[in-house]
Amino acid sequence: MKIRQIMLSITALIASAGLANAEVVQNLEEFNAAVKNLRAGDELVMANGIWRDVELAFQGTGTPQQPITLRAQEAGKVIVSGQSNLSISGSYLIVSGLVFKDGYTPTSEVISFRTSKSALANHTRVTNTVIDDFSNPERFSSDTWVAIYGKNNRFDHNSLINKGNSGVTLAVKMNNEASQENGHIIEYNYFGPRQTLGSNGGESLRVGTSHYSRKYSNSIVRYNYFDRTSGELEIISSKSCGNSFNGNVFFESQGTLTMRHGHYTTVENNYFLGNRKPNTGGIRIINEHQTVRNNYLYGLTGYRFRSALVIMNGVPNSPQNRYDPVVDSVMNNNIVIDSDHVQLCAGSDEERSATPTGSSMHNNIFMSRTNLEPFTIYDDVSGISFKGNLINKGAQAPIANGFKSVPYRVSKNKHGLKAPKAALTKAIGFDEVKLPVTKAEVGAEFYPKREPYAAFQSGKTMRVKPGTNTILDALKNSNPGDILLLTNKGEYGLTKLANIRHPITIKSKRGAKPVIRSEKANFFVIENGGALELDNIWIDGADSPDLAGNSVISTSRYSMNKNYTLSVRNSKVTNLDVNHSFHFLKVYMSTFADQIDISNTEMSNITGSILSLNKETDDLGIYNAENIRLQGNTFTDIQGAVADIYRGGTDESTFGPIVVVADNKFIRTGQGRRNKAGASLKFHGVQNLNISNSHWEDSAPLELFLTNGEPTTVIDNIVMKDSGKIVSNSDEYSSSNVSYE
Ligand code: CA
């Protein structure tokens, strides 16, 4: 026998002698029985299929040479669904090939690196595994998808996609010594799209908590791809010492990598590709001995705490959960291109009065023509040394020394990234502008990186004839993104609710608008996962029931863990007046719109309100919609408020609401005795408000309540005729060309 054949025979002998086992289990009972007998080197194989309502506890003790593996029979063909989760404890364990979808965890974690408070996983690897929209249907019922306890664990090549409910996507837990100084490695994962939560609690990754933040975690987070992870201000919240974030890519993600607590953390060679999308941010330094170097930041528009680069002020002798001052930290050798804001001593106020000390900002390149005054300095920067920075001509350096003007020269390099000339990047010690990892290189290899939602008008067009419930029949046969095309002259009746369960467009071609009437208290109900676009449609209330509190469009009355969009264009809404409080849009608690857009539309004779987005009244920093735009509309005889938008509380983790009101006419609006807002438009806690080129006549006043952070409020070129003065709690807004007649 040749040597190779002998070796093969020996391997076969060892296998048959039962030294290692590969057992295929079909259900939870078999799984549990097999787990009891696992020995080093064994493989526990879950049979292909759907495993519904299973709480899997995988425990065992492997060795470095002979780990114990739990895997799918075929990677991607074991679907864990329903009320399910996986907990792991022991050492030298490997999990791979599972998919969690169509359900949510009954506990507070989906994959947990512990099976009880004292039984933790060490030297354990979870790889090639997926959690896809395994979201609790209760939006604010919080859970963590992956909780890493213990030490020396590795989480790699996994896909975590589309978390809809509150709670961190992946958390490193440090709640006792057995989980500190853990040295976990989190790498090559795909953090897929995470929608705006509209509250704190939407972090994609958190390492530690404020309570243990002065302990070392020593976690390494590298080569992960964050694809539109826009849950909240903190994409990553580092809340412990000694972490390293290296070579990660942040693609069009709203928020920042924040060193919220803890010291001695390094942020190096990360790429932030904002592509000029709103609220895209970079890196925020808080605390001591933080190192931020050789990062690339492109097209970031974020302002304040989500600016491209931020160095915060701290609280003197800060309590653990507030802000430690910045001490001996560096922000060097970074490239910032076409980004709008860099903020120093950010957050300076009576409490955050400790300025940075012993810190440096050296050899950075700032090349941006999008904002020629990119730096904002809120306090004394004498504790930051500035040297060798390059800034493009025309842009204003923050201080006289330490910045050299160079021409703005940026071009796409061979890797498709906007970069300054190589001579400049070399001069600051930045090797090559090139992504450290691509989207294709991360995540579970078998799992596609699909778009989570269909765009409007991305599907097929269905012609819908006039008549009773023809729209409902078409909806029943529709798929996400489809268009219901109505004829220009018809009448469309509804005797039942039109439930919108996926993105749908209802429109007609330019010309006469087809009319829709309904015999139900609501015309359209946007259910979880739904989104609605109306274009060139006439909505009339003449057939609506004689009830108080009707509405044209309503959200689900239950919690929605998927954000929706509502767009109304070139349309007409009339005679919502059969009884009192007939609203255009009625929303419920625990629902959230990414975008509500009403444009070129006439609305008249309405006893209720148009956009009443004021249902989150607990002042927890939760609100009902992110972006609201009213443009080119005429509102006539509206008894309620045209817009009543409420965002209460003092939490600073979110961006919105963001409101644009432009080119509108408000005639006899907001004066009904049931209008609790007492205003034609009322904005409370709106973070970014722009009102321009609009005209009020015989209307209730415009009312502002500026609160939370630094809201930006601009009012320009408006006329208020017989409509009272603007009512505001503060004069901290800019107004020009406001005339009262
Ligand atoms: Ca947060």
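Within every chain, residues take consecutive numbers counted from 1 along the sequence as written. Given that this is a predicted model, residues contribute local features only at a pLDDT of at least 70 and side-chain atom pairs are listed and counted only at 80 or more, while totals for whole chains, interfaces and linings are drawn from all residues. To get the side-chain values, all heavy atoms of the structure are used, and hydrogens and water are removed first.

With that settled, consider the pairing of strand β26 (residues 255-261). Within β26, seven of the seven residues are buried, which leaves it mostly tucked inside the rest of the structure. DSSP-based pairing: two strands are paired if at least 2 bridges between them are found. Starting at the N terminus, helices and strands are each numbered in turn, a helix being any DSSP run of H or I of at least four residues and a strand any DSSP run of E of at least two. The pairing of strand β23 (residues 234-239) with β26 spans four bridges and is classified as parallel. By the bridge assignment, K239 is partnered in β26 with H261. Here β26 runs beside strand β29 (residues 280-285); their pairing, made up of three bridges, is parallel. What sits directly across from L257, in β29, is I283. Residue exposure (1.4 Å probe, protein chains only): buried if accessible area is under 20% of the type maximum, exposed if over 50%, otherwise partly exposed.

This paragraph deals with the sheet that holds strand β63 (residues 643-646). Strands sit in the order β48-β51-β54-β57-β60-β63-β66-β68-β70 across an open sheet of nine strands; the sheet is parallel. Only two strands of the sheet have a single neighbouring strand rather than two, namely β48 (498-500) and β70 (727-728). Pairing between strand β60 (residues 611-613) and β63: three bridges, direction parallel. Bridged to S612 within β63 is D644.

Our focus in this paragraph is the domain arrangement of the protein chain. Source of the domain bounds: an automatic or database domain assignment. What the domain assignment reports for the protein chain is domain 1 (1-134) and domain 2 (529-740). For domain 1 versus domain 2, the distance between C-alpha centres works out to 53 Å.

Our focus in this paragraph is helix α2 (residues 28-36). Among all positions of α2, only F31, A34 and V35 are buried. Buried positions in α2, seen along its axis, are confined to an arc of 105° and lie on one side of it. Residues E29 and K36 are exposed on α2 and point more than 90 degrees away from its buried face. Residues of α2 that are buried make contact with β1 (22-25), β2 (43-46), β3 (49-52), β4 (55-61) and β5 (68-72). Relevant arc is that of directions from the helix axis to the C-beta atoms, nothing else. Note on contacts: a residue pair is in contact if any heavy atoms of the two residues lie within 4.5 Å.

This part takes up the pairing of strand β14 (residues 144-148). In terms of residue burial, β14 counts as a mostly covered element, since five of its five residues are buried. When β14 meets strand β17 (residues 170-172), the two strands line up parallel, connected through three bridges. Residue pairing for β17: I148 is matched across the bridge by V172.

Here the focus is the side chain of T505. Mapping T505 onto the fold places it in strand β49 (residues 503-508). T505 gets classed as buried once you look at its relative accessible area, which sits at 0%. Counting of polar contacts relies on pairs of N or O atoms within 3.5 Å, with two restrictions inside protein: one atom must be capable of donating a hydrogen and the other of accepting it, and residues adjacent in sequence are counted only when both atoms are side-chain atoms. Of note is the side chain of T505, whose polar atom sits 2.7 Å from the side chain of E533. Not counting chain neighbours up to four residues away, the residues in contact with T505 comprise F456, Q457, D482, I483, L484 and E533.

With that settled, consider the packing of aromatic side chains. Here the aromatic set is Phe, Tyr and Trp, taking the six-membered ring for Trp, and pairing holds for ring centres within 6.5 Å; pairs whose planes are under 30 degrees apart are stacked, those over 60 apart are edge-to-face, and all others are tilted. Under the defined criterion, the tally for this structure stands at 17 aromatic pairs. Arranged with centres 6.2 Å apart and planes meeting at 90°, the rings of F446 and Y447 form a pair that is edge-to-face. Through successive ring pairs, a cluster of aromatic residues spans F191, F226, F250 and F272. Of note, R450 hangs over the ring of Y447, and the distance from its end group to the ring centre comes to 6.0 Å. The rule is short: NZ of Lys or CZ of Arg within 6 Å of the ring centre and within 35 degrees of the ring normal puts a charge over the ring. Above the plane of the ring of W538 lies R517, whose end atom (NZ or CZ) is 5.8 Å from the centre.

The salt bridge definition used is simple: a Lys or Arg side-chain nitrogen within 4 Å of an Asp or Glu carboxyl oxygen. For the structure on display, the rule yields 27 salt bridges. Among the salt bridges present, the one from R304 reaches E652, with a minimum N-O distance of 3.1 Å. Taken together, the residues span a long stretch of sequence, with R304 in the loop between β31 (296-298) and β32 (309-312) and E652 in the loop between β63 and β64 (658-662) at a distance of 348 residues. Under the relative-accessibility criterion, E652 is labelled partly exposed at 25%. A salt bridge links R517 to D540, with the nearest nitrogen and oxygen atoms 2.7 Å apart.

Further remarks concern unusual backbone geometry. Of note, the bond from G656 into P657 is cis; its omega dihedral lies within 30 degrees of zero at -5°. Within the secondary structure, P657 is located in the loop between β63 and β64. A positive phi angle, close to 50°, is found at Y92, a residue other than glycine. On the secondary structure map, Y92 appears in the loop between β7 (85-91) and β8 (93-96). Classification of Y92 as partly exposed rests on a relative accessible area of 24%.

Among the buried residues, those of types Ala, Val, Leu, Ile, Met, Phe, Trp, Tyr and Cys that are joined through side-chain atoms within 4.5 Å form a nonpolar core. Ranked by size, the top nonpolar core spans 77 residues in total, and within it F31, M46, F58, L86, V146 and M361 carry the most contacts. Of the residues forming this core, the biggest block, four residues, is contributed by β14.

Structurally, A22 can be placed in strand β1. A C-alpha to C-alpha distance of 26 Å links A22 and K101, two positions 79 residues apart in sequence.

A few words now on the side chain of D143. Here D143 lies in the loop between β13 (130-132) and β14. At a separation of 3.2 Å, a polar atom in the side chain of D143 contacts the side chain of N165. When residues no more than four places from it in sequence are discounted, the contact partners of D143 are T105, T107, S108, N136, K163, N165, S166, G167 and V168.

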